[in-house]
Amino acid sequence: MSTLDATGEAARRPFPGRRVRTGDVLLQGVAGLAALGAVVLLGLIAYKIVDGARLSLSTFGLGFLTHVGWDPVHSRFGAGGFLFGTAVTSIGALLLATPLALGIALFLTELAPRWIRGPVTALVETLAAIPSVVIGLWGILVLGPVLHDHVMPALHSTLGFIPLFGPSTTGSTIFTAILVLTIMILPIVSSISRELFVGVPPELKEAALGLGTTRWEMVRGVVLPYTRGGVAAAMILGLGRAVGEAIAVAQVSGAFNNGISWNLFSSGNTLAAQIALEYQSAETNLDVSSLFYLGLILLVFSLVVNLLARVVVRRGARRQGVLAR
Amino acid sequence: MSAADVSALQRPNDRLRRRRVVNRGMELLAWLAGALGVAILGVVVWSVAKRGASELNLDLLTKAPVPFAIGNVKQGLANAFVGSLVLVGLATAMALPFGILVAIYVNEFAPRAVRNGVGLVLDVLNGVPGIVVGIFVFGLVVVSHGQSAYAGAIALAVLMLPLVARATIEVLALVPNTLREASLALGVPRWRTTLGIVLPQTVGGIVTGTMLAVARVAGETAPLLFTCSLAGTSIDSNPGHALQTIPVAIFELSESADPADHARAWAAALVLLLFILFSSLTARWLAARSRRKLGRAT
């Protein structure tokens, strides 16, 4: 090593005379490679899904998104019916789960006696740990028959004038799927909301109560506006979960219907469930490639959901910063 | 001022009463929501326990299923239990070191911008639906090498990676900086400080994070359908073959029309549920304990 190199290297070191340690370089290198690996993994997932969908992309183009029907015999595939089913089931589940989750979160932060809070929080979050295949099993063998025998006929006879509540033929319907998805996203929305509600500064709440508001008026005027952004993000994440759920929906939604029906009490199918159900029957290249296309739609949606939730949280945080000042 | 406003001003008690009634009503709804949340869990767990317990016996755990069984043949799901163990074990072996290294880089070495970037990537990975991970591994491995327990384990490891890395980052961030500084000031190299001083502090947190991740992927069906589902019925532990797993077995049995299959599905669901509840509750308890301990150290 020449003198010039040595001085040049010494100048770059923070402390003259300290050796560059091989161990440090090694650990940083290996750990850095692992982190790079995680980034590459995400890229690889995107690449492989697009690559798999290429044949279907070039055959059907964007018309795939609107075509209703899945016809392996004539090699004509489309995601229209599944997009519709996905939208109906996940939005329906979100509409049912959000008020319930907010109620649970408010109960846990504002109303429940202190000794109840810990156990109930743990129980509701345990709901998130139950595998989707077990909830689906329960949905198809317990919930479905109960809905078919009691709930759906009752709703049809009282609210039958609304086309959503048509006649039911089986227990495996869009409605069953909505309820199962509600159960699955409930703990997500409620646990995030609970954390947000805990974070509301007590002085704001006390100020409202001190002005003579009732507890509900305090919640409506302080807690909910303060946490609006976070709750929206929680709903977005819940929606993402509902859209991506394959197994439970495949079990309970009837799934042999690839068309569009506004009757909640008829069978339906979603993007994710369709992929899951075709795992044994996909045969031709175009068939498999079209499944990848469905997966691509899901992947893009999950990316959008994550980024959107981030943006919403950041905007909410900025607004809170303004409020606090 | 309209007549209604005047009368409202004259009778302030009416308005106060209405506000109180609304308040009571909303409180009641929140109580009901809390009760319903717990009730849903109770109903699901009770359904599984009631139907599964009557079918749960030693044959289920020790005997393989008999295809096209006629009459009263003792059938089990031993192949699925063995397969699940192999898959989850392999997935953990892949995801655990990978996740810990990612976390070490993010928390100990990375500049802030990189840290946020990798954090975002982990969040996005965590949000990728299981079924999409399934077809990803299908395209990556299965198309060229066929279904195998390796392929299934890779899919599960992709799901575990963000969970393990996130959990490890969280506990690494809890380790007080004074520990790192004291070690560095004594002349201990950075790598030995990280591996010998900082990492041992976080073992508890990593164990709980891993247990939660294991509990999560042990019940995953979607990533396995395309990677490790076309399995035989014999008891096999060779990861080069496609092995039957508990979640896939439950999925297939639940689609069957035979009530005897449903009974075995319930029993398998009960075993799976017990395992998952046990490990996630233990992990929760351990996490609370180690957090208290780390909190005291700071």
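Residues numbered from 1 in each chain as written. Chains lettered and ligands numbered in written order. Predicted model: local features only at pLDDT ≥ 70, side-chain atom pairs only at ≥ 80, totals over all residues. Heavy atoms only, no water.

So, about the overall build of chain B. Secondary structure summary: chain B contains 13 helices and zero strands in total. Ordered by position in the sequence, the α and β elements of chain B form the string α-α-α-α-α-α-α-α-α-α-α-α-α. Counting only C-alpha atoms, chain B reaches 85 × 70 × 35 Å along its principal axes. For chain B, the proportion of its 298 residues judged to be buried stands at 49%. A sequence separation of at least 24 residues applies to 74% of the contacts in chain B between residues at least 6 apart. By element, 64% of the accessible surface of chain B is carried by carbon and sulfur atoms, the whole surface being about 14100 Å². If you average the places of the 25 positive and of the 15 negative side-chain charges in chain B, the two averages end up 13 Å apart. (Helix = DSSP H or I, 4+ residues; strand = E, 2+ residues; numbered from the N terminus. Buried < 20%, exposed > 50% of the residue type's maximum accessible area, 1.4 Å probe, protein only. Contact = heavy atoms within 4.5 Å. Areas by Shrake-Rupley, 256 points an atom, 1.4 Å probe, with all protein chains shown as cover. Lys, Arg positive; Asp, Glu negative; His and termini not counted. Charge placed at Lys NZ, Arg CZ, Asp CG, Glu CD.)

Now for the packing of aromatic side chains. Under the definition given, this model contains 11 aromatic pairs over all chains. Here Phe60(A) and Phe64(A) contribute two aromatic rings whose centre-to-centre distance is 5.9 Å and whose plane-to-plane angle is 25°, an arrangement assigned as stacked. In this structure, Phe60(A) and Phe64(A) share a single accessibility class: buried. Between Phe60(A) and Phe77(A), the ring centres sit 6.3 Å apart and the planes meet at 85°, which makes this aromatic pair edge-to-face. One end of the pair, Phe60(A), is in helix α2 (residues 22-60); the other, Phe77(A), is in strand β2 (residues 76-77), with 17 residues separating them in the sequence. Across the pair, Phe77(A) and Phe60(A) agree in class, each one buried. Pairwise contacts between aromatic rings join Phe60(A), Phe64(A), Trp70(A), Phe77(A), Phe82(A) and Tyr293(A) into one cluster. The ring of Trp266(B) carries the charged tip of Arg51(B) above its face, separated from the ring centre by 5.3 Å. (Phe/Tyr/Trp six-rings, centres within 6.5 Å; stacked < 30°, edge-to-face > 60°. Lys NZ or Arg CZ within 6 Å of the ring centre and 35° of its normal.)

Residue and element names in this part refer to chain B. Parsing chain B into structural domains produces domain 1 (3-53) and domain 2 (78-297). On a C-alpha basis, the centres of domain 1 and domain 2 stand 40 Å from each other. The interface of domain 1 with domain 2 comprises seven residues on the first partner and five residues on the second. Of the roughly 530 Å² buried at the junction of domain 1 and domain 2 (both faces included), carbon and sulfur atoms supply 89%. Of all residues in domain 1, Val48, Arg51 and Gly52 give up the largest surface area on contact with domain 2, accounting jointly for 71% of the area buried on that side. In this assembly, domain 1 and domain 2 are joined by zero salt bridges. Residues that form the side of domain 1 that touches domain 2 fall into these classes: four nonpolar, two polar and one charged. (Domains from an automatic or database assignment. Buried area = accessible area lost by both parts, 1.4 Å probe. Salt bridge = Lys/Arg side-chain N within 4 Å of Asp/Glu carboxyl O. Nonpolar A, V, L, I, M, F, W, Y, C, P; charged D, E, K, R; others polar.)

This part is about the environment of Thr221(B). Structurally, Thr221(B) is set in the loop between α10 (203-218) and α11 (222-225). The class of Thr221(B) is buried, set by a relative accessible area of 0%. In the structure, Thr221(B) is positioned 166 residues away from Glu55(B) in sequence and 22 Å away in space, judged by C-alpha atoms. Apart from the residues lying within four places of it in its own chain, the contact partners of Thr221(B) are Val133(A), Ile247(A), Pro247(B), Val248(B) and Phe251(B).

Counting residues in each nonpolar core, the largest one holds 168 residues, and the members touching the most others are Ile49(A), Phe64(A), Leu294(A), Ile131(B), Phe226(B) and Ile250(B). In terms of residue count, helix α7 (residues 149-174) of chain B provides more of this core than any other element does, 15 residues in total. Beyond its immediate chain neighbours, meaning those up to four positions away, Phe64(A) contacts Ser56(A), Trp70(A), Phe77(A), Gly78(A), Ala79(A), Gly80(A), Ser290(A), Tyr293(A), Leu294(A) and Ile297(A). In terms of nonpolar packing, the next biggest core, distinct from the first, is built from 13 residues, Leu102(A), Ala208(A), Val222(A) and Tyr226(A) among them. (Core = buried A, V, L, I, M, F, W, Y, C linked by side-chain atoms within 4.5 Å.)

So, about the interface of chain A and chain B. Listed per partner, the contact involves 71 residues of chain A and 75 residues of chain B. In total, chain A and chain B occlude about 6700 Å² of area from one another, counting both sides; carbon and sulfur atoms represent 81% of this. Joining chain A to chain B, the criterion identifies four salt bridges. The partner of Glu27(B) in a salt bridge is Arg215(A), with the nearest N and O atoms 3.1 Å apart. Inspection of the region where chain A meets chain B yields 12 residue pairs in polar contact (both at pLDDT 80 or more). Tallying contributions element by element places α2(A) first for the side of chain A that touches chain B, with 18 residues. Tallied by class, the residues present in the side of chain A that touches chain B amount to 49 nonpolar, 15 polar and seven charged. (Polar contact = N/O pair within 3.5 Å; in protein donor to acceptor, adjacent residues only side chain to side chain.)

Right, let's talk about the environment of Leu181(A) for a bit. All names here are of chain A. Considering the arrangement of structural elements, one finds Leu181 in helix α7 (residues 174-198). Distance from Leu181 to Ala93, taken between C-alpha atoms, is 5.7 Å for residues 88 residues apart in sequence. Contacts of Leu181, omitting those with residues within four sequence positions, involve Thr89, Ser90, Ala93, Ala242, Glu245 and Val249.

What follows is about the pattern of salt bridges. Tallied over the entire structure, the rule returns 13 salt bridges over all chains. In this structure, the salt-bridge partner of Arg264(B) is Asp261(B), at a minimum N-O distance of 3.2 Å. Here the residue Arg264(B) and the residue Asp261(B) both occupy positions in helix α13 (residues 259-297), the gap between them amounting to three residues, near one helical turn. Considered together, Arg264(B) and Asp261(B) belong to a single accessibility category, that of buried residues. A single salt-bridge network, built from bridges that share partners, covers Arg215(A), Arg24(B) and Glu27(B).

This paragraph deals with the confidence of the model for chain A. Residues of chain A with pLDDT of at least 70 account for 90%, and the chain-wide mean is 86. A low-confidence stretch, residues 1-13 of chain A (pLDDT under 50), is modelled with four contacts involving residues beyond four sequence positions or located in other chains. (pLDDT = per-residue confidence, 0-100.)

What follows covers the side chain of Asn269(A). Looking at where Asn269(A) falls in the secondary structure, it is placed in the loop between α11 (247-252) and α12 (271-277). Within the structure, the side chain of Asn269(A) is placed 2.9 Å from the side chain of Gln274(A), a separation counted as a polar contact.

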